[in-house]
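# Residue-level structure breakdown
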Amino acid sequence: SVSIAVLFEALVKDAESVAIVTPVEQKSVWENGRICTYTKVRVDSPVSGNAKTGDEKSVRTLGGVIGNIGQTVDGEPTLAEGKASLVFLHKREAGIFEVSARAQGQFPVVADASKRVKLVKHAAMGTLVPPRVDTARLPAGAARLAHEVLNERDVEAATVEIQRAWQQLHAAESR
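To start, this report covers the structure provided alongside it. (Residues numbered from 1 in each chain as written. Predicted model: local features only at pLDDT ≥ 70, side-chain atom pairs only at ≥ 80, totals over all residues. Heavy atoms only, no water.)

Turning our attention to the overall build of the chain. Counting its secondary structure elements, the chain contains 3 helices and 11 strands. Counted over contacts in the chain with a minimum sequence separation of 6, partners at least 24 positions apart contribute 64%. About 9400 Å² of surface is accessible on the chain, with carbon and sulfur atoms providing 50% of the total. (Helix = DSSP H or I, 4+ residues; strand = E, 2+ residues; numbered from the N terminus. Contact = heavy atoms within 4.5 Å. Areas by Shrake-Rupley, 256 points an atom, 1.4 Å probe, with all protein chains shown as cover.)

Here we come to the pairing of strand β7 (residues 85-93). Regular strands place their side chains on alternate faces of the sheet. As defined by bridge partners, strand β2 (residues 17-31) adjoins β7 across 5 bridges and the pair is classed as antiparallel. For Ser 17, the partnering residue across the bridge sits in β7 and is Leu 89. The sheet contact formed by β7 and strand β9 (residues 106-111) spans 3 bridges and is antiparallel. The residue of β9 that forms the bridge with Leu 86 is Phe 107. The sheet contact formed by β7 and strand β8 (residues 96-99) spans 4 bridges and is antiparallel. (Pairing = 2+ DSSP bridges.)

As a further point, take the pattern of salt bridges. Evaluation of the coordinates by the stated rule reveals 11 salt bridges. Where Arg 60 meets Glu 31, a salt bridge forms, and the shortest distance between an N and an O atom there is 2.9 Å. Of the two residues, Arg 60 sits in strand β4 (residues 56-62) while Glu 31 sits in strand β2, which places them 29 residues apart along the sequence. Each member of the pair, Arg 60 as well as Glu 31, is classed as buried. Look at the salt bridges and you will find they share partners, linking Glu 31, Arg 60, Arg 92, Glu 93 and Glu 98 into a network. (Salt bridge = Lys/Arg side-chain N within 4 Å of Asp/Glu carboxyl O. Buried < 20%, exposed > 50% of the residue type's maximum accessible area, 1.4 Å probe, protein only.)

Before going further, it helps to spend a moment on the environment of Asp 154. Within the secondary structure, Asp 154 sits in the loop between α2 (146-150) and α3 (155-169). By relative accessible area, Asp 154 is classed as partly exposed at 24%.

Moving on: unusual backbone geometry. The phi dihedral of Asn 32 is positive, around 50 degrees, even though this residue is not glycine. Here Asn 32 is to be found in the loop between β2 and β3 (34-49). Judged by its relative accessible area of 84%, Asn 32 falls in the exposed class.

Let us now look at the pairing of β9. Pairing of β9 with strand β10 (residues 117-119) involves 3 bridges; the strand directions are antiparallel. Bridge assignment links Val 110 to a residue of β10, and that residue is Lys 118.

Moving on, we get to the nonpolar core. Counting residues in hydrophobic clusters, the biggest one holds 20 residues, and the most contacted among them are Phe 8, Val 18, Leu 86, Phe 88, Leu 150 and Ile 162. For this core, the secondary structure elements donating two or more residues are α1 (8-14), β2, β7, α2 and α3. In terms of residues, this core owes the most to one element, α3, which gives 5 residues. Ignoring anything within four residues of it in the chain, the contact list for Ile 162 reads Phe 8, Val 12, Val 18, Val 47, Ser 48, Leu 86, Phe 88 and Leu 150. If you look at the next biggest cluster of nonpolar residues, it comprises 11 residues, including Val 21, Val 41, Val 59 and Leu 79. (Core = buried A, V, L, I, M, F, W, Y, C linked by side-chain atoms within 4.5 Å.)

This paragraph deals with the layout of surface pockets. To find the voids left in a structure, one rolls a probe of water-molecule size over its atoms. Looking at the largest pocket, its volume works out to about 220 Å³. Lining the largest pocket are 16 residues, with Leu 62, Gly 63, Gly 64, Pro 77 and Thr 78 positioned closest to its centre. Across the lining of the largest pocket, the residue classes break down as 5 nonpolar, 9 polar and 2 charged. (1 Å grid on protein atoms, 1.4 Å probe; cavity = no way out; pocket = protein on both sides within 12 Å on 5 of 7 lines; lining within 4 Å. Points joined across faces, edges and corners; volume = space filled by probe spheres on them. Nonpolar A, V, L, I, M, F, W, Y, C, P; charged D, E, K, R; others polar.)

Purely geometric stuff here, so don't read any function into it on its own.
Next comes the structure, spelled out in structure tokens:
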């Protein structure tokens, strides 16, 4: 798939919460002729927003398997039971969330050979083309692509970067 790369600041701004979550249960259903999967995730570590450790949230993604029929949606996040990811979530409707910017808003958490816990860009992200952005109108450093800011980053360093951006971008909402 080919997608327009999302800016880091836009990803942070669009999210209602950012957290490291682990999927604990999934159910796929038919909706308007397509398969959608609802995944119950447990918040392992809140990063920003209103998520709290231990919260459970329902996340809707496109695609899934029902019986012997499966649908794959290129560029969509994939939440695998038991596998932790850092996700940027926004509310779809009461009690249901979606991953902001599709697969660009999900970063699987992995341990490298030296046991360092880090984020990696999602394999389903596909090819990313640069966004059309007039960087002259943006504050210095604001034209950073999300996958460039977070891919291969240590979880702790990424958390600090997200929290810093969150405070700047969501400051007006908290007043």
